[in-house]
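Survey of secondary and tertiary structure
The lines below spell out each chain.
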Amino acid sequence: MKRLIIFALILVTIFGLVGCNHRSMNYIIDHEPSIVGIVEEVYESYILINIKSEEYLKGQDCKVSLEVENKDSYTEISVGDEVFVYYDGNISESDPLQINTVYAITLKTPANR
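Residues numbered from 1 in each chain as written. Predicted model: local features only at pLDDT ≥ 70, side-chain atom pairs only at ≥ 80, totals over all residues. Heavy atoms only, no water.

This paragraph deals with the confidence of the model for the protein chain. For the protein chain, mean pLDDT is 88; residues scoring 70 or higher make up 91% of the total. Across the protein chain, the secondary-structure element scoring lowest on mean pLDDT is helix H1 (residues 2-19), at 69, and the one scoring highest is strand S2 (residues 46-51), at 97. (pLDDT = per-residue confidence, 0-100. Helix = DSSP H or I, 4+ residues; strand = E, 2+ residues; numbered from the N terminus.)

Put into structure tokens, the structure is as follows:
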């Protein structure tokens, strides 16, 4: 009986820890780094944005993965949209720049449609 209780407690702890990995959109917006950019091209697995924030990156193109952690992210991305990209803080210094770990994408200003 004692083993059964210990096993049940271990399972509850494991399932509790697995469930803690999902961060809400509000948490991501408040705590994760972000950049602002204008969408220049849209592909199946990534978008290409021209960075408008971060003085040292301003005007550079950046390839942003669409494999986004938070599924409440903006998904109907169009060329010309101005978007916030919340990410892990790492930008690969390639040509173009790359952000591979994206937590969320939100719309700042829609393109003129």
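Under the criterion given, the structure shown has 2 aromatic pairs. Summarising the aromatic geometry, the rings of tyrosine 43 and tyrosine 46 are spaced 4.6 Å apart at their centres and angled 25° between planes, so their arrangement reads as stacked. Since its relative accessible area comes to 37%, tyrosine 43 is described here as partly exposed. When the centroid spacing of 6.1 Å and the interplanar angle of 25° are considered together, the rings of phenylalanine 84 and tyrosine 86 count as stacked. Just above the ring of tyrosine 103 sits the side chain of arginine 23; from NZ or CZ to the centre is 4.2 Å. Lysine 63 extends its terminal NZ or CZ atom over the ring of tyrosine 46, reaching a point 4.3 Å from the ring centre. (Phe/Tyr/Trp six-rings, centres within 6.5 Å; stacked < 30°, edge-to-face > 60°. Buried < 20%, exposed > 50% of the residue type's maximum accessible area, 1.4 Å probe, protein only. Lys NZ or Arg CZ within 6 Å of the ring centre and 35° of its normal.)

Sheet strands line up and pair through hydrogen bonds in the backbone, either parallel or antiparallel. If you walk across this open sheet you meet the 6 strands as S5-S3-S2-S1-S4-S6, and the pairing is mixed. Here the strands that pair on one side only, and so sit at the sheet edges, are strand S5 (97-99) and strand S6 (102-109). Strand-to-strand twist of the sheet, defined as the mean angle between neighbouring strand axes without regard to direction, takes the value 40°. With 5 bridges joining them, S2 and strand S3 (residues 61-65) adopt antiparallel strand pairing. What sits directly across from leucine 48, in S3, is lysine 63. (Pairing = 2+ DSSP bridges. Axes fitted to C-alpha atoms, helices over the stretch in contact; angles between N-to-C directions.)

Moving on, we get to a nonpolar patch on the surface. A grouping of Met1, Leu4, Ile5 and Leu9 is seen on the molecular surface, where their side chains present a nonpolar patch of about 480 Å² in accessible area. Note that leucine 9 resides in helix H1. Leucine 9 sits in the exposed class, given a relative accessible area of 55%. (Patch = residues over 30% accessible without salt bridge, like charges linked within 9 Å, V, L, I, M, F, W, Y side chains within 5 Å. Areas by Shrake-Rupley, 256 points an atom, 1.4 Å probe, with all protein chains shown as cover. Salt bridge = Lys/Arg side-chain N within 4 Å of Asp/Glu carboxyl O.)

This brings us to the nonpolar core. Core analysis: the biggest nonpolar cluster contains 17 residues, and Ile49, Val64, Val85, Ile99 and Ile105 have the highest contact counts within it. Every element with two or more residues in this core is listed here: strand S1 (34-42), S2, S3, strand S4 (82-87), S5 and S6. (Core = buried A, V, L, I, M, F, W, Y, C linked by side-chain atoms within 4.5 Å.)

With that out of the way, let us pick up the environment of serine 45. Tracing the sequence through the fold places serine 45 in the loop between S1 and S2. You can call serine 45 partly exposed: its relative accessible area is 43%. With 22 residues separating them along the chain, serine 45 and glutamate 67 place their C-alpha atoms 7.0 Å apart. In this view, serine 45 contacts Val64, Ser65 and Leu66; residues no more than four positions away in its chain are not counted. (Contact = heavy atoms within 4.5 Å.)

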